[in-house]
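An overview of the molecular structure
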Amino acid sequence: MKYSDKEIYSYHERVFKPLYADLVAVLASKPAQISAEIEAAFSHMAFASTNETQRESHYIKAFDHLRRASLDASKILWLEYRARASEIIGDKNLNKYLLKKNNASGFYEKFHEAEIIAKKARQLEVTLGEYSTDETISLYYESAQKFAEVLVIVDSDVYHQIRTAKQQKKVMSWLSGALATGIGAALITDMLSDDYSLVI
């Protein structure tokens, strides 16, 4: 397939740019692998503008790198949102909160929908390879957005309270193991017996 600089720019604006903006906003960082793909794409664009005889081949390579960067961005975004949602699924106290607030059905329903969409993306990626890239990108992004909807269901204040309590409990557990015996260890053991679900 033939590409022009206008088509590559259009793809950058329509597909890559929105994906990458969402990803950087979520991660608060720029993944190295995506930066490498973009750097390679621009290198080929530069070659294409200065070498007329090989212009077409460099445009093709530039587009392939840009599309690969878009696929990586959609997958990393999907993985990040999925990891956050899975952490909630595996937390008994957050599950108690969801049930208490009558949000559990919507939470699990959306999680399941996101998993189904991601499964379709993976099947396309494995079966068709590069020929499925555009549709695969769309599906991974759709799944990521569905997982993001899952996270909205959970009260962010409660979520952060529980995460903080869990981290504090890990620290106290470590201190309990580090201290030998005596009053200090007894006090820490007593503190560890408290159920941090009380933060809900």
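Coordinates for the structure precede this section.
1. Concerning the overall build of the protein chain
Per the secondary structure count, the protein chain includes eight helices and zero strands. Ordering the α and β elements of the protein chain from the N terminus gives α-α-α-α-α-α-α-α. Sorting the 200 residues of the protein chain into buried and exposed places 38% on the buried side. Counted over contacts in the protein chain with a minimum sequence separation of 6, partners at least 24 positions apart contribute 71%. When the accessible surface of the protein chain is totalled, it reaches about 12,100 Å², and 56% of it is carbon and sulfur.

2. A word on helix H2 (residues 32-50)
Along an α-helix, a turn takes 3.6 residues, which lines up residues three or four apart on a common side. The end-to-end C-alpha separation of H2 is 27 Å, in line with the 27 Å expected for 19 residues at 1.5 Å each. Those residues of H2 lying buried are Ile34, Glu37, Ile38, Ala41, His44 and Ala48. The arc enclosing the buried residues of H2, seen along the axis, measures out at 120°, which places them on a common side. In H2, the exposed positions that point more than 90 degrees away from the buried face belong to Ala32, Glu39, Phe42 and Thr50. Against helix H1 (5-27) and helix H3 (55-89) lie the buried residues of H2.

3. Brief notes about the packing of aromatic side chains
For the coordinates displayed, the defined rule picks out five aromatic pairs. Between Tyr3 and Phe63, the ring centres sit 4.1 Å apart and the planes meet at 15°, which makes this aromatic pair stacked. With a gap of 60 residues between them, Tyr3 in the segment before H1 and Phe63 in helix H3 connect regions that are remote in the sequence. Here Tyr3 matches Phe63 in class, with each residue buried. Taken together, the aromatic side chains of Tyr3, Tyr11 and Phe63 make up a single cluster linked through ring pairs.

4. Description of the nonpolar core
Core analysis: the biggest nonpolar cluster contains 44 residues, and Ile8, Phe16, Ile34, Leu77, Tyr81 and Phe147 have the highest contact counts within it. Broken down by secondary-structure element, the contributors of at least two residues to this core are H1, H2, H3, helix H5 (104-128) and helix H6 (133-153). If we skip the residues at most four places from it in the chain, Leu77 touches Asp22, Leu23, Val26, Tyr141 and Ala144.

5. Topic: the pattern of salt bridges
Considering all chains together, one arrives at ten salt bridges under this definition. Between Arg67 and Asp64 there is a salt bridge, and its shortest N-O distance comes to 3.8 Å. Of the two residues, Arg67 and Asp64 are both situated in helix H3; the distance of three residues between them amounts to about one turn of the helix. Through salt bridges with shared partners, a single network forms among Lys110, Glu113, Lys146 and Glu149.

6. Looking at the packing of H1 against H3
Packing of H1 against H3 brings their axes to within 9 Å, and their N-to-C directions diverge by 25°. As far as their axial angle goes, H3 and H1 are roughly parallel. The two elements H1 and H3 meet at a crossing, and its hand is left-handed. Here the contact of H1 with H3 is built from residues that sort into 17 nonpolar, three polar and five charged.

7. What about H1?
At Phe16, H1 shows its maximal bend, which comes to roughly 40°, and the proline Pro18 appears one to four places after that position. Regarding H1, the residues found buried are Ile8, Tyr11, His12, Val15, Phe16, Leu19, Tyr20, Leu23 and Val26. Check the buried side of H1 and you find it contacts H2, H3 and H6. A positive phi of about 60° marks Ala28, the residue just after H1.

Each value, and the rule that gives it
Residues numbered from 1 in each chain as written. Predicted model: local features only at pLDDT ≥ 70, side-chain atom pairs only at ≥ 80, totals over all residues. Heavy atoms only, no water. Helix = DSSP H or I, 4+ residues; strand = E, 2+ residues; numbered from the N terminus. Buried < 20%, exposed > 50% of the residue type's maximum accessible area, 1.4 Å probe, protein only. Contact = heavy atoms within 4.5 Å. Areas by Shrake-Rupley, 256 points an atom, 1.4 Å probe, with all protein chains shown as cover. Expected span 1.5 Å × (residues − 1). Arc of directions from axis to C-beta. Phe/Tyr/Trp six-rings, centres within 6.5 Å; stacked < 30°, edge-to-face > 60°. Core = buried A, V, L, I, M, F, W, Y, C linked by side-chain atoms within 4.5 Å. Salt bridge = Lys/Arg side-chain N within 4 Å of Asp/Glu carboxyl O. Axes fitted to C-alpha atoms, helices over the stretch in contact; angles between N-to-C directions. Parallel < 35°, antiparallel > 145°, perpendicular 65-115°, else oblique. Left-handed = near helix turned anticlockwise from the far one by under 90°. Nonpolar A, V, L, I, M, F, W, Y, C, P; charged D, E, K, R; others polar. Bend = angle between axes of the 7 residues up to and from the residue.

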